[in-house]
Amino acid sequence: MKKIALVLALTATPAAAQSMKVEDLCVKVAKHLLMTDNLHTGVVQSFPELKPPGARLTYSTRDGVEKKDMVDVISCEFTRTTAPFGLQRFCLASTCYSAGERNPENKRRFEEVRTLLEREGL
């Protein structure tokens, strides 16, 4: 039974990754960075046609917050609009994280999030 569940999980991941949009991936970036499964989105703006493709959204980790009251913002940039997306950069409020970041802690957070996405085939 465990083998069947593992096979289903492994075969479902590529299909899910292929249908994922840049805004969905940006939500995953926020969840990984904030270490939460509880993330509510407000306004979502997606720019898959731009170079680099990306998304920006307001969010809250608290339950019961109305979309209009969500003021925390994350923006994400990727190399592609399909898996593997190739996370290039993300910014939370006024702090940005990327591979070329000079601040070692911010660069480390970027590498951690990118590693988690890569483990998921994203």
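Use the structure listed above.
Everything quoted here is computed from the prediction, not taken from an experiment. (Residues numbered from 1 in each chain as written. Predicted model: local features only at pLDDT ≥ 70, side-chain atom pairs only at ≥ 80, totals over all residues. Heavy atoms only, no water.)

Caption draft 1: The nonpolar core, seen in detail. Among the nonpolar cores identified, the biggest contains 24 residues, and Val 29, Ile 74, Phe 78, Leu 87 and Phe 90 are the most heavily contacted of them. Going through the elements one at a time, helix H2 (22-34), strand S2 (54-60), strand S3 (72-78), strand S4 (87-92) and helix H3 (104-119) are the ones with two or more residues in this core. With 7 residues, the single largest contributor to this core is H2. With residues near it in sequence (within four places) discarded, Phe 78 still touches Val 22, Leu 25, Cys 26, Val 29, Pro 52, Pro 53, Gly 54, Phe 85, Gly 86, Leu 87 and Gln 88. (Core = buried A, V, L, I, M, F, W, Y, C linked by side-chain atoms within 4.5 Å. Buried < 20%, exposed > 50% of the residue type's maximum accessible area, 1.4 Å probe, protein only. Helix = DSSP H or I, 4+ residues; strand = E, 2+ residues; numbered from the N terminus. Contact = heavy atoms within 4.5 Å.)

Caption draft 2: How the structure looks around H3. Taking 1.5 Å per residue, 16 residues should reach 22 Å; H3 reaches 22 Å between its end C-alpha atoms and fits that length. What H3 keeps buried is the set Asn 106, Phe 110, Val 113 and Leu 117. All buried residues of H3 lie within an arc of 70 degrees about the axis, which places them on one face of the element. For H3, exposure combined with an orientation more than 90 degrees from the buried face picks out Pro 104, Glu 105, Arg 108, Glu 118 and Arg 119. In this fold, the buried residues of H3 make contact with H2, S4 and strand S5 (95-98). N-cap assignment for H3: the residue whose side-chain oxygen lies 2.8 Å from the backbone N of Glu 105 is Asn 103. Positive phi appears at Gly 121, one or two residues downstream of H3, with a value of about 80 degrees. (Expected span 1.5 Å × (residues − 1). Arc of directions from axis to C-beta. Polar contact = N/O pair within 3.5 Å; in protein donor to acceptor, adjacent residues only side chain to side chain.)

Caption draft 3: Layout of the sheet that holds S4. On the basis of which strands lie adjacent, the open sheet formed by 5 strands has the order S1-S2-S3-S4-S5 and antiparallel pairing. Strands with a single pairing partner mark the edges of an open sheet, and in this sheet they are strand S1 (40-47) and S5. Strand-to-strand twist in this sheet, taken as the mean axis angle between neighbours without regard to direction, amounts to 15 degrees. Across 4 bridges, S4 lies against S5 in antiparallel orientation. (Pairing = 2+ DSSP bridges. Axes fitted to C-alpha atoms, helices over the stretch in contact; angles between N-to-C directions.)

Caption draft 4: Local environment of the state of the cysteines. For the structure on display, the rule yields 2 disulfides. The disulfide that involves Cys 26 links it to Cys 76, with 2.1 Å between the sulfurs. Measuring handedness by torsion sign, the sulfur bridge of Cys 26 and Cys 76 sits at about 75 degrees and is right-handed. Remark: Cys 76 occurs in strand S3 and Cys 26 occurs in helix H2; sequence separation between them is 50 residues. Like Cys 76, Cys 26 is buried. Shown here is the disulfide that connects Cys 91 with Cys 96, its sulfur atoms set 2.0 Å apart. In this structure, the disulfide formed by Cys 91 and Cys 96 twists by about 105 degrees around the S-S bond and is classed as right-handed. Listing the disulfide partners of the protein chain by sequence rank of the bonded cysteines yields 1-2, 3-4. (Disulfide = S-S within 2.5 Å.)

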